Amino acid sequence: MNDPLLLMAYAADSIEKTTTVIELKPSYSALIELALVISLLFSFQKLAVIYSFVIALASCLFWVVVSYLGIVFAAVYIPVGQYIIVIFSTLFSALIVRKLSEDKALTGVVNNIQQKMMGRFFPQTFIEQASPWDPIIQLISQQLDLEKSIFLARKEDDHRIVEIRAINCELDNIQEMRRDYKRSPYSDALKALGIVKISRPFFKNVLNTEIEFMVPLVYAGDVRGFWALSVIPNETFDRHAFEKNVNKFAAQVAELLFHYHIYKTTQAKNQNLLNRLVSFKLHEPIDQQVKRSLNDMEQKLTTLELVFNHTRCATVLFNLFGQVVQTNAALEHFAKQHQLTIFEMTALDLLCHSCALDSEVAKGKLRYVTLNKADIHLPAVLNNQHYVLNIKAIHTDGSQTASGEPFQVSGILFEFLDTFENEPQLDDGFDETLSEQ
C-alpha cells in the first residue's frame, strides 16, 4: 500500500472501529454485581434447591441476552462472564451455608432426643449388645428352672462347636468330648429339629433322677449353636409341656443369634475403610442419625401406647379444650357397651352424661382439677351399672424444661372403675407352669 491517503484512511477506519464498542464502567459493573448478590441471596434462602438452580440459569440467560443487545444497539460491552461467575458463586455459597445450618439444627435435634431418651424406659437394643449371650442367659435364668444348662456356638465356616456360657454349672462340667455337630448327640437334635433326650451322659456328676436334653439353635436353616440342659423332674412334671416350652425358647434364641450375626457382619463390612471410601460413607450422614433417633422415639411411643392400651380400666385422655386425645381398648369396649359416641363428646359432655351433673357444676369440677392439678373421684351410673369416675390432671413435672407451650402436654384423664367388678383370681396355671419348667 503506497498511497498515503489510503494509508491514512485505513488507519482512521481502524481507530474508529476499535472505539466503537465501549466497556461498561467498573463502578457500574460493581453495583450490578452487588445488587445481584443481594437479590439472589434473598431468593435462594426462600426457594427450594431445584428452584434456586432454575433462578440461577434464568439469570445467566438474561444477562447473556442483555449483553448481546447492549453490543448490538448501544455499543456497550457488559462483562457477562463476571456476572455468571457471581451468580453461581452466590448459589453454591447459599447452598453450603444452608447445608451447614440444617446439619447444625439436626444435630441439635438429635442431641436433644438422645438426652431425653437417656435413662428412660427405652432399653439398648439387642443387636447393640457387646455379646448376645449375656441377655440370653439372663432371659433363660428368669424364665426356666433348669438344673444345668450350657450353650455351645458353631464356629463360622466350620462344623465344629465351642462352649460359650453355662448356667448353674461350669463349662468344664461337660463330660462329652465331641465338638462336631455332625456327630451324636448334636446330629440327633438336628435330625429332630427340636429338643431330644440324650442317653449318653453329657454333664459330669449327673444324678440318677436327672434327665439330660439337647436342643439345636437353628434359624432359617443356619445352625447357630446348641443348648444342652438337664432337669430333675418332680411329681407334677409334664415332660411334653416342658419340651414344648424349651423348643419355643430355643427358636427365639436362634432367631436372636441369627440377626445378631447378620448385623455384626454387615457392620464389619461397613466399617472397612476401603468399603466406606468407595461407598462415600466415611462419615455417617446427619439424616441417618436423625432417622435412628426417630426410630428410638417411635419405639418408645409404641411401647407407651401398648401399656396404655392394656390397662384394665376404661381410660380416655382429653386435652384442655375437652377434645379426645387418646383412648384405650377398655374404653372403646366401654363406649360400645353404653352407646357412647366418645369421639363426638367433650370432657364436659362425658362428665355430665355419666355423673348426671349440671353443666355449671361439671364446669366447676373440671376447673378445680385443671387449676389445682388435683384428682377427684365421682360416682357414675350408666345403664344401671355403677362406676367410680377418677378425674386427674396430666401436667409436666418440675424436672422437665419449659418448652414455651404450657398446654402442649397437659390434659385431663378420665378413668372409669367398675365398683362391682371382682378382683381377678390368681392364674390357675401358675403351679402348672412351674411344673412345666
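1. A few points about the packing of helix H11 (residues 347–355) against helix H12 (residues 359–372)
Two measures define how a pair of helices packs: the angle their axes make with one another and the distance between the axes.
Argument step 1. Between H11 and H12, the least distance of the axes is 9 Å, while the angle of their chain directions is 120°. Relative to H12, the element H11 is oriented oblique. In the crossing of H11 with H12, the sense of the turn from one axis to the other is right-handed. Contacts between H11 and H12 involve Ala347, Leu348, Leu351 and Cys352 from the former and Ser359, Ala362, Lys363 and Leu366 from the latter.
Argument step 2. Here the residues of the contact of H11 with H12 are counted per class, giving 6 nonpolar, 1 polar and 1 charged.

2. Some details on the pattern of salt bridges
Argument step 1. Going through the model one piece at a time under the given rule, you end up with 12 salt bridges.
Argument step 2. For Asp222, the salt bridge goes to Arg224, with nearest N and O atoms at 2.9 Å. Neither residue differs from the other here; Asp222 and Arg224 are each classed as buried.

3. Observations concerning the sheet that holds strand E7 (residues 222–231)
Argument step 1. Taken in spatial order, the 5 strands make up an open sheet running E4-E3-E7-E6-E5, and their pairing is antiparallel. Of all the strands in the sheet, the pair left with one neighbour each is strand E4 (161–167) and strand E5 (196–197).
Argument step 2. Examined bridge by bridge, strand E3 (residues 148–154) and E7 share 6 bridges and lie antiparallel to one another. Of the residues in E7, the one forming a bridge with Phe151 is Trp227.
Argument step 3. Helix H5 (residues 133–143) rests against E3, E4, strand E6 (211–219) and E7 of the sheet, and its axis sits at about 45° to E4.

4. So, the sheet that holds strand E11 (residues 385–394)
Argument step 1. Pairing is antiparallel in the open sheet, where 5 strands are placed in the order E9-E8-E12-E11-E10. Edge positions in the sheet fall to strand E9 (324–327) and strand E10 (375–382), since each of these pairs with one other strand and no more. Geometrically, the sheet is characterised by an average inter-axis angle of 25° between neighbouring strands, direction not taken into account.
Argument step 2. Examined bridge by bridge, strand E8 (residues 314–318) and E9 share 3 bridges and lie antiparallel to one another.

5. Here we look at the nonpolar core
Argument step 1. Core analysis: the largest hydrophobic core is formed by 28 residues, its most contacted members being Phe334, Leu350, Leu351, Leu389, Ile391, Phe414 and Phe416.
Argument step 2. Leu351 has contacts with Ala356, Leu357, Ala362, Leu366, Leu378, Leu389, Ile391 and Phe414, leaving out every residue within four places of it along the chain.
Argument step 3. In terms of nonpolar packing, the next biggest core, distinct from the first, is built from 25 residues, Ile136, Ile195, Phe213 and Val246 among them.

6. Description of a nonpolar patch on the surface
Argument step 1. Taken together, Leu61, Val65, Tyr68, Leu69, Ile71, Val72, Phe73 and Tyr77 make up a surface patch of nonpolar side chains, about 830 Å² in accessible area.
Argument step 2. For the nonpolar patch, the leading source of residues is helix H3 (residues 49–74), giving 7 residues.
Argument step 3. On the secondary structure map, Tyr77 appears in strand E2 (residues 76–77).

7. Examining the packing of helix H2 (residues 26–46) against H3
Argument step 1. Two numbers describe how H2 lies on H3: the axes approach to 10 Å, and their chain directions differ by 155°. Here H3 runs roughly antiparallel to H2, going by the angle between their axes. In the crossing of H2 with H3, the sense of the turn from one axis to the other is right-handed. When H2 is examined against H3, the residues Ile32, Leu36, Leu40 and Phe44 are found in contact with a partner set consisting of Ser52, Ile55, Ala56, Ser59 and Trp63.

8. Digging into H12
Argument step 1. The end-to-end C-alpha distance of H12 is 20 Å, a good match for the 20 Å that 14 residues give at a rise of 1.5 Å each.
Argument step 2. Three or more residues of H12 are buried, namely Ala362, Leu366 and Val369. Viewed along the axis of H12, the buried residues span an arc of 60°, placing them on a single side of the element. Across from the buried face of H12, at angles greater than 90 degrees, the exposed residues are Glu360 and Leu371.
Argument step 3. Sitting at the amino-terminal end of H12 is Asp358, which places a side-chain oxygen 3.0 Å from the backbone nitrogen of Glu360.
Argument step 4. Two residues or fewer past H12, Lys373 is found with a positive phi of approximately 50°.

9. Brief notes about the packing of aromatic side chains
Argument step 1. Per the stated rule, a full pass over the model turns up 16 aromatic pairs.
Argument step 2. Between Phe62 and Trp63, the aromatic rings sit 5.3 Å apart at their centres with planes inclined by 75°, giving edge-to-face as the arrangement.
Argument step 3. What makes Phe62 partly exposed here is its relative accessible area of 48%.
Argument step 4. On the accessibility criterion, Trp63 (12% relative accessible area) is buried.
Argument step 5. Judged by centre distance (6.1 Å) and plane angle (35°), the ring pair of Tyr181 and Phe226 falls under tilted. Here Phe226 lies in strand E7 and Tyr181 lies in the loop between E4 and helix H6 (186–192), a separation of 45 residues in the sequence.
Argument step 6. A relative accessible area of 0% means that Phe226 is categorised as buried.

About the cut-offs
- Along each chain, residue indices are assigned from 1 in the same order as the chain's sequence is written.
- Local features in this predicted model are restricted to residues whose pLDDT is 70 or higher, and side-chain atom pairs enter the listing and the counts only when it is 80 or higher, whereas totals over whole chains, interfaces and linings include all residues.
- As a rule here, side-chain values come from all non-hydrogen atoms in the structure, and water together with hydrogens is ignored.
- Orientation is described by axes fitted as lines to C-alpha atoms, over the contacting stretch for helices, and by angles from 0 to 180 degrees between their N-to-C directions.
- Note on conventions: DSSP H or I runs of at least 4 residues are helices, E runs of at least 2 residues are strands, and numbering of each starts at the N terminus.
- Should an angle fall under 35 degrees it is called roughly parallel, over 145 degrees roughly antiparallel, and 65 to 115 degrees roughly perpendicular, with every other angle called oblique.
- In this scheme the crossing of two helices becomes right-handed for a clockwise turn of the near helix relative to the far one and left-handed for an anticlockwise turn of less than a right angle.
- Contacts between residues were defined by any pair of non-hydrogen atoms, one from each residue, lying within 4.5 Å.
- The residue classification treats Ala, Val, Leu, Ile, Met, Phe, Trp, Tyr, Cys and Pro as nonpolar and Asp, Glu, Lys and Arg as charged. All others, Gly included, are polar.
- Put simply, a salt bridge is a Lys or Arg side-chain nitrogen that is within 4 Å of an Asp or Glu carboxyl oxygen.
- When accessible area is computed with a 1.4 Å probe and restricted to protein chains, residues below 20% of their type maximum are described as buried, those above 50% as exposed, and intermediate ones as partly exposed.
- Two strands qualify as a pair provided that DSSP identifies no fewer than 2 bridges between them.
- Nonpolar cores were defined as sets of buried Ala, Val, Leu, Ile, Met, Phe, Trp, Tyr and Cys residues, with membership established by side-chain atoms within 4.5 Å.
- Patch definition: residues above 30% relative accessible area lacking any salt bridge, with like charges linked at up to 9 Å and the nonpolar side chains Val, Leu, Ile, Met, Phe, Trp and Tyr linked at up to 5 Å.
- Using a 1.4 Å probe, accessible areas were evaluated by the Shrake-Rupley method; residue-level cover was limited to the displayed protein chains.
- The span expected for a helix works out to 1.5 Å for each residue beyond the first.
- As used here, the arc is the angular range of directions from the helix axis to the C-beta atoms.
- N or O atoms closer than or at 3.5 Å make up a polar contact, with two conditions inside protein: a donor-capable atom paired with an acceptor-capable one, and, for residues adjacent in sequence, both atoms drawn from side chains.
- Centre distance within 6.5 Å is the pairing criterion for rings of Phe, Tyr and Trp, where only the six-membered ring of Trp is used; planes under 30 degrees apart are then read as stacked, over 60 as edge-to-face, and the remainder as tilted.

Purely spatial values, then, with no claim about function.
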